[in-house]
Amino acid sequence: MPLIVMCGYPCSGKTRRAEELKVCFEQNTDRKVHIVGDAALGVEKNTVYADSQKEKNVRASLKAEVERKVNKGDIVILDSLNYIKGYRYELFCLIKHAQTPQCLVYCLTSDEVSTTWNTNRDAAEQYTQDIFDALVLRFEAPDSRNRWDSPLFTILKDDTIPFEDISDALFKRKAPPPNQSTQSQPLSSSNFLYELDKITQEVLMAICNAQKTSVPGDLVPFNIELTRSINMAELRKLRRQFISYTKMHPTENSGHISNMFVQYLNKSLH
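Please read these numbers as outputs of a predicted model, since none were measured by experiment.

A. Examining the sheet that holds strand β2 (residues 33-37) more closely. Taking strand neighbours across the sheet as the criterion, the five strands line up as β2-β3-β1-β4-β5 in an open arrangement whose pairing is parallel. Each end of this open sheet is capped by a strand with a single partner; those strands are β2 and β5 (152-155). The average angle at which neighbouring strand axes cross in this sheet is 20°, direction not considered. In this structure, strand β1 (residues 3-8) lies alongside strand β3 (residues 75-79), joined through three bridges in parallel fashion. In the strand pairing of β3, Val5 is matched with Leu78. Of the strands in this sheet, β1, β2, β3, β4 (102-107) and β5 touch helix α1 (residues 14-28), which is tilted by about 155° from β1. Contacts between helix α4 (residues 52-69) and the sheet are confined to β1, β2 and β3, with β2 contributing the most and set at about 165° to the helix.

B. Region of the structure containing the environment of Glu55. Mapping Glu55 onto the fold places it in helix α4. Residues Glu55 and Lys45, 10 residues apart in the sequence, show an inter-C-alpha distance of 9.0 Å. Non-local contacts of Glu55, meaning those with residues more than four positions away in its chain, are made with Val48, Tyr49, Tyr83, Ile84 and Arg138.

C. A look at helix α9 (residues 192-211). With 20 residues, α9 extends 29 Å between its outermost C-alpha atoms, agreeing within 8% with the 28 Å of an ideal straight helix rising 1.5 Å per residue. Residues of α9 that are buried: Phe192, Glu195, Leu196, Ile199, Thr200, Val203, Leu204, Ala206, Ile207, Cys208 and Ala210. Buried residues in α9 make contact with β6 (219-220), β7 (224-225), α10 (232-248) and α11 (257-269).

D. Highlighting the side chain of Ser80. Secondary-structure assignment places Ser80 in the loop between β3 and α5 (85-98). Among the polar contacts listed, one links the side chain of Ser80 to the side chain of Asp38, at a separation of 3.0 Å. For Ser80, the residues in contact, after removing those within four places along its chain, are Met6, Cys7, Lys14, Asp38, Tyr49 and Leu62.

E. Structural view of the state of the cysteines. Counted according to the given criterion, the structure contains zero disulfides. The thiol of Cys7 is not disulfide-bonded; the next cysteine sulfur, from Cys107, is found 8.3 Å away. Classification of Cys7 by relative accessible area gives buried; the value is 0%.

F. How the structure looks around the pattern of salt bridges. Applying the stated criterion across every chain, the model contains 14 salt bridges. Note that Arg17 and Glu20 form a salt bridge whose closest N and O atoms lie 3.1 Å from each other. Of this pair, Arg17 and Glu20 are both found in helix α1, three residues apart, which corresponds to roughly one turn of the helix. Note on Arg17: relative accessible area 3%, which makes it buried. Its relative accessible area of 26% is what places Glu20 among the partly exposed residues. Asp158 is paired through a salt bridge with Lys157; the nearest N and O atoms lie 3.3 Å apart. When its relative accessible area of 65% is taken as the criterion, Asp158 is described as exposed. What you see here is one network of salt bridges that share partners, running through Arg16, Arg17 and Glu20.

G. Representation of unusual backbone geometry. With an omega dihedral of -5°, the bond running from Ser150 to Pro151 counts as a cis peptide bond. Positive phi is not limited to glycine here, since Asn82 has a value of about 45°. Counting through the fold element by element, Asn82 comes out in the loop between β3 and α5. Even without a glycine there, the phi angle at Gln99 is positive, about 55°. Topologically, Gln99 is positioned in the loop between α5 and β4.

Conventions we followed
Residues numbered from 1 in each chain as written. Predicted model: local features only at pLDDT ≥ 70, side-chain atom pairs only at ≥ 80, totals over all residues. Heavy atoms only, no water. Pairing = 2+ DSSP bridges. Helix = DSSP H or I, 4+ residues; strand = E, 2+ residues; numbered from the N terminus. Axes fitted to C-alpha atoms, helices over the stretch in contact; angles between N-to-C directions. Contact = heavy atoms within 4.5 Å. Expected span 1.5 Å × (residues − 1). Buried < 20%, exposed > 50% of the residue type's maximum accessible area, 1.4 Å probe, protein only. Polar contact = N/O pair within 3.5 Å; in protein donor to acceptor, adjacent residues only side chain to side chain. Disulfide = S-S within 2.5 Å. Salt bridge = Lys/Arg side-chain N within 4 Å of Asp/Glu carboxyl O.

In short, geometric facts, not functional conclusions.
Written as structure tokens, this is what we have:
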């Protein structure tokens with residue numbers, strides 16, 4: 001599914017534009033359109049955007065949902081702030097891996113206009129002023145010179161959405177070519193990524209829990225020998241490396257993932 005990434009200040013019209021695009025594509029093509037966004041996750045914006053870890057978790061959930069839906073068939077619209085340049089680059093890498101086109105739709109408003117639109121919302125849907133100001137301050141505007149922000153469609157509040165241009169960008173343009181870091185072999189089963197994520201997370205949690213009561217040299221669950229105390233940041237880094245490698249070299253049997261990960265950890269930690 002080609003990907004449309006929405007981007008803009010809080011209360012800049014992203015959801016309205018995403019819905020307009022959905023209607024246009026459904027009326028003019030035979031393709032299904034899926035909107036992935038904060039609303040579907042039930043995000044409580046003033047809680048999430050006040051806590052960097054919670055916000056990071058939401059971004060990861062949105063990216064995972066896009067990854068589950070994206071292919072070369074229909075259309076996925078990611079309706080969120082997407083205000084971090086590095087996160088948009090991650091989405092671009094995901095698209096390269098899937099070998100399907102993407103574009104970025106930037107809903108450009110002034111902070112004064114967005115503030116007015118925010119105050120006109122129902123109280124339960126409003127950003128607090130502190131959260132709103134912080135998000136505007138942190139916003140990294142897209143730049144069409146960056147390949148992950150291109151093709152870029154900038155839409156002002158009174159503009160008509162350029163449907164034909166966006167459609168051409170998605171369906172008449174070649175997908176970005178994969179490179180060695182993003183191209184992988186076909187996965188052996190539809191739930192491979194889910195199993196890979198779930199099993200490696202279970203191993204990490206077992207290690208963390210075991211460290212509370214063990215000493216260096218003990219053998220902890222999954223037959224992992226801890227010669228020293230290992231913090232969560234190091235474990236997460238090793239897990240990411242293992243997942244990246246395994247995506248490129250998937251096993252035919254997901255039951256082997258646990259043993260492979262344990263072997264990888266034992267080798268890396270000694």
